[in-house]
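Summary of structural features
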Amino acid sequence: MEKIMEETPDPETRNKAWKEQHKNDPPSNLPPFDVIDKGKEYDIFNVVSSPEWLEKIRAKKPPLAYWLETRKGRKAWLKKYSPGIPHGSKYRVYFNTPSGPLERVPAWATYVQPDTDGKQAYAIHWEPPPECVFKWKNKHPKVPKSLRIYECHVGISGSEPKISSFNDFTEKVLPHVKEAGYNAIQLIGVIEHKDYFTVGYRVTNFYAVSSRYGTPDDFKRLVDEAHGLGLLVFLEIVHSYSAADEMVGLSLFDGSNDCYFHTGKRGHHKYWGTRMFKYGDPDVLHFLLSNLNWWVVEYQIDGFQFHSLSSMMYTHNGFASFTGDLEEYCNQYVDKDALLYLILANEILHYLHPHIVTIAEDVTVYPGLCEPPSQGGLGFDYYVNLSVPEMWSSFLENVPDHEWSMSKSISGGRSFAEILFGEIGEHAQSKESLLRGCSLHKMIRLITFTIGGRAYLNFMGNEFGHPKRVEFPMPSNNFSFQLANRRWDLLANGLHRDLFCFDKDLMKLDENEKIRSRGLPLIHHVDDTTMVISYMRGPFLFTFNFHPTNAYERYNVGVEEAGEYQVILNTDETKYGGQALMKDDQYLRRTISKRIDGLRNCLEVSLPSRSAQVYKLSRILRV
């Protein structure tokens, strides 16, 4: 049977009837718009909007953090934000070589899980979605004229017997470095390496942060927080050799022996079993130079210390005797391709990033390390003087105190504190022994800090006399973490608290008085008999009495400017663990007109045994 339909009202009539039916409903339940058709043939409508609905829409947040990108169209958005490999994917590359198939971790991988605990190595694709990408908060600090560098290893930076993480370091160590008065940190062992006991020097993946400490974003947070504290971040880079690992490293990467390295004996380090780069190969240069730029662009690194340059600059890897003869730096054992790479690295880094800092570590002191390439140099900003700690270690371990040579002290294994104090807390120490160790620790740090160039480097823990050496877990110690940490709890101890107090005031002295940026010191008094050293640096006079027993009440040292000199730092003060043997009236001294040490005026100073003082010219006297 056919049903007869009633006549249907027009849309406008139905709309009015519906609104009448719902007139008591709240506005939020009503439709956002009224569309009224005037009956015209063309498709034009009058849209009457609801003000309440518009306010509600405006108050909403965009559904996507990157919603503006959708204006470019869905195809452009998908192309930009859909990675070819999903974030977090594990992968390796496959080679079909004449010798058979090979699997390798990609040479350019940025996040790698090494083959540890019996698990095979693989790369991890790190490309978080836009809403999860790390956002930098802080800018690079300005590079100061005087660098006070705090060298650290993230893994051993904790107190517990384990490998510390980037987040542990950020939360616990960075505030300590700031409090201590340093203005830069230098990180070693950050770049991915298979074996922890190698300290990070046998690098396997040059573009990846070590996954044992955390993720790439964890490291970015560390750098960002350091910048927020005003600390520059330097990275120790190892481009002098590479680990010999194949699956996770670069050795035999594509099945050939000369993909990245020299063939034959030249391709292996003489003693360390590592692979030696072929610096004359354009592809190798591209890989290494790009690697430097990667760390600056991706992780906002402020500078690099180039590790063990002697291993790369000479075919004998630096294992030869050097007398200082110029011929030793220009003979057939010099790798000219390696020198060219170092020049290129410095030129490109300083061109792309004008405020970058480059530091050379070279035991052979190659001539022109810090001279510009235009003048025949390699272009580094600084170099590490490794002879200084070796000299002090030799003195402390092998030479009785009264036989120390003052002339050797100004020319420059175990930590100094371990030599000076022995096993703190494990064996009873006499008061005399502790006083000797405390005094020499402060004097060595003061003379090293004030007599050197425009940069000073301290390893983590030495500022408070850390008594233990560093020894990483390895088969010879049954993989023990006993010496692979830092004893931060010692800062509550009287002796170590006093040493830390001195070190803080030493850093503050440079911050306030700009001592290290005042040019090189004028060393004018060195006496092996009295064991006294004195030198000037700008308006500052430094006096050191290394004699173990003899004190001098009115010791004559020369100064150029006549006037009054005020003691502004004294290692023998009680707050630094000293005996306070200087009297209050001896802190201000006036010159007498007497020529000494080749200078026009003389200052009579008090020198307690095993102590040092810093005087500042506070008033100039005109005669």
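Preceding this paragraph is the structure being described.
Residues numbered from 1 in each chain as written. Predicted model: local features only at pLDDT ≥ 70, side-chain atom pairs only at ≥ 80, totals over all residues. Heavy atoms only, no water.

1. Regarding the overall build of the protein chain
Broken down by element type, the protein chain carries 13 helices and 24 strands. For the protein chain, the computed accessible surface area is about 31500 Å², with 52% contributed by carbon and sulfur atoms. (Helix = DSSP H or I, 4+ residues; strand = E, 2+ residues; numbered from the N terminus. Areas by Shrake-Rupley, 256 points an atom, 1.4 Å probe, with all protein chains shown as cover.)

2. Brief notes about the packing of aromatic side chains
Following the criterion strictly, the structure yields 39 aromatic pairs and no others. Seen in terms of ring centroids, F449 and Y456 are 4.8 Å apart; in terms of plane orientation they differ by 80 degrees. Their pairing is edge-to-face. Judged by relative accessible area, which is 1%, F449 ranks as buried. With 5.8 Å between their ring centres and 20 degrees between their planes, Y535 and F544 make a pair best called stacked. Judged on exposure class, the residue Y535 and its partner F544 are both buried. In this structure, K220 packs its charged tip against the face of Y299, placed 5.7 Å from the ring centre. Note that R516 overlies the ring of F449, its terminal NZ or CZ placed 4.8 Å from the centroid. (Phe/Tyr/Trp six-rings, centres within 6.5 Å; stacked < 30°, edge-to-face > 60°. Buried < 20%, exposed > 50% of the residue type's maximum accessible area, 1.4 Å probe, protein only. Lys NZ or Arg CZ within 6 Å of the ring centre and 35° of its normal.)

3. Here's the deal with the pairing of strand β8 (residues 147–153)
Among the seven residues of β8, seven are classified as buried, and the element is accordingly described as predominantly covered. By the alternation rule, side chains of β8 split into L147, I149, E151 and H153 and R148, Y150 and C152, which are all buried. As paired elements, β8 and strand β16 (residues 455–459) share five bridges and run parallel to each other. Bridge assignment links R148 to a residue of β16, and that residue is Y456. Looking at chain direction, β8 and strand β9 (residues 184–188) are connected through five bridges and run parallel. Its bridge partner lying in β9, C152 is registered against L187. (Pairing = 2+ DSSP bridges.)

4. Observations regarding the nonpolar core
Among the nonpolar cores identified, the biggest contains 103 residues, and I185, L187, F219, F306 and Y341 are the most heavily contacted of them. Per-element accounting of this core gives the leading share, nine residues, to helix α6 (residues 282–299). Every residue in contact with L187, bar those within four places of it in the chain, is listed here: C152, V154, F169, F219, L222, V233, F234, L235 and E236. Core analysis: the next-biggest nonpolar cluster, separate from the first, contains 16 residues, V532, V559, L603 and Y615 among them. (Core = buried A, V, L, I, M, F, W, Y, C linked by side-chain atoms within 4.5 Å. Contact = heavy atoms within 4.5 Å.)

5. Quick word on the pattern of salt bridges
When their charged atoms lie close together, side chains carrying opposite charge are able to pair. One pass over the structure, following the stated rule, counts 22 salt bridges. A salt bridge links D510 to R148; the shortest N-O distance between them is 2.9 Å. There is no split in this pair, since D510 and R148 are both buried. Ionic pairing is found between E160 and K162, a salt bridge with its closest N-O pair at 3.6 Å. Of the residues examined, E160 reaches a relative accessible area of 46% and is grouped as partly exposed. A residue is classified by how much of its surface remains accessible, and K162, at 38% relative accessible area, is partly exposed. Residues joined in a network through salt bridges with shared partners are R148, D510 and E511. (Salt bridge = Lys/Arg side-chain N within 4 Å of Asp/Glu carboxyl O.)

6. Focus: helix α13 (residues 494–513)
With 20 residues, α13 ought to run about 28 Å at 1.5 Å a step, and its terminal C-alpha atoms sit 28 Å apart, in line with that. By the N-cap criterion, in which a side-chain oxygen at the helix start approaches the backbone nitrogen of a residue two or three places on, α13 is capped by N493, the distance to L495 being 2.9 Å. Just downstream of α13 lies K514, where phi reads positive at about 55 degrees. (Expected span 1.5 Å × (residues − 1). Polar contact = N/O pair within 3.5 Å; in protein donor to acceptor, adjacent residues only side chain to side chain.)

7. Remarks on the packing of α6 against helix α8 (residues 336–352)
Axis separation between α6 and α8 bottoms out at 11 Å; the angle between their running directions is 35 degrees. As for the relative orientation of α6 and α8, their crossing is right-handed in sense. Between α6 and α8, the contacting residues are L285, L288, L289, L292, N293 and V296 on the first element and Y341, L344, A345, I348, L349 and L352 on the second. (Axes fitted to C-alpha atoms, helices over the stretch in contact; angles between N-to-C directions. Left-handed = near helix turned anticlockwise from the far one by under 90°.)

8. Regarding the environment of S242
Mapped onto the fold, S242 is located in the loop between β12 (232–237) and α6. In this structure S242 comes out as buried when scored by relative accessible area, which is 0%. Separated by 27 residues in sequence, S242 and H269 place their C-alpha atoms 9.5 Å apart. Only 3.4 Å separates the side chain of S242 from the backbone oxygen of V203, close enough to count as a polar contact.

9. Considerations on the sheet that holds strand β19 (residues 540–545)
Overall, antiparallel pairing links the six strands, which are arranged β17-β18-β19-β24-β21-β22 in an open sheet. Edge strands, defined here as strands with exactly one partner in the open sheet, are β17 (522–527) and β22 (588–590). Going across the sheet, the axis of each strand differs from the next one's by a mean of 20 degrees, ignoring polarity. As paired strands, β17 and strand β18 (residues 532–537) are joined by five bridges and run antiparallel to one another. Along β18, the bridge assignment pairs H525 with S534. Sitting on the sheet, helix α12 (residues 431–451) is in contact with β17, β18, β19, β21 (563–570) and β24 (611–620), with an inclination near 35 degrees to β18.

10. Focus on the pairing of strand β11 (residues 203–210)
For β11, the buried fraction is high: eight of the eight residues fall into the buried class. With two bridges connecting them, strand β6 (residues 111–113) and β11 associate as parallel partners. Bridge pairing in β11 places V112 opposite S210. Where strand β10 (residues 191–193) meets β11, three bridges bridge the pair, whose relative direction is antiparallel. Bridge pairing in β11 places I191 opposite V209.

11. Section: the side chain of N205
For N205, the position within the fold is in strand β11. Of the residues examined, N205 reaches a relative accessible area of 1% and is grouped as buried. Here T204 takes part through its side chain, which lies 2.9 Å from a polar atom of the side chain of N205. Among the polar contacts listed, one links the side chain of N205 to the backbone oxygen of V248, at a separation of 3.0 Å. When residues no more than four places from it in sequence are discounted, the contact partners of N205 are V105, P106, V112, I191, E192 and V248.

12. Section: the environment of K265
Looking at the secondary structure, you find K265 in the loop between β12 and α6. C-alpha of K265 to C-alpha of T315: the two residues are 50 residues apart in sequence and 9.8 Å apart in space.

Everything listed here is a matter of geometry and, on its own, says nothing about what the molecule does.
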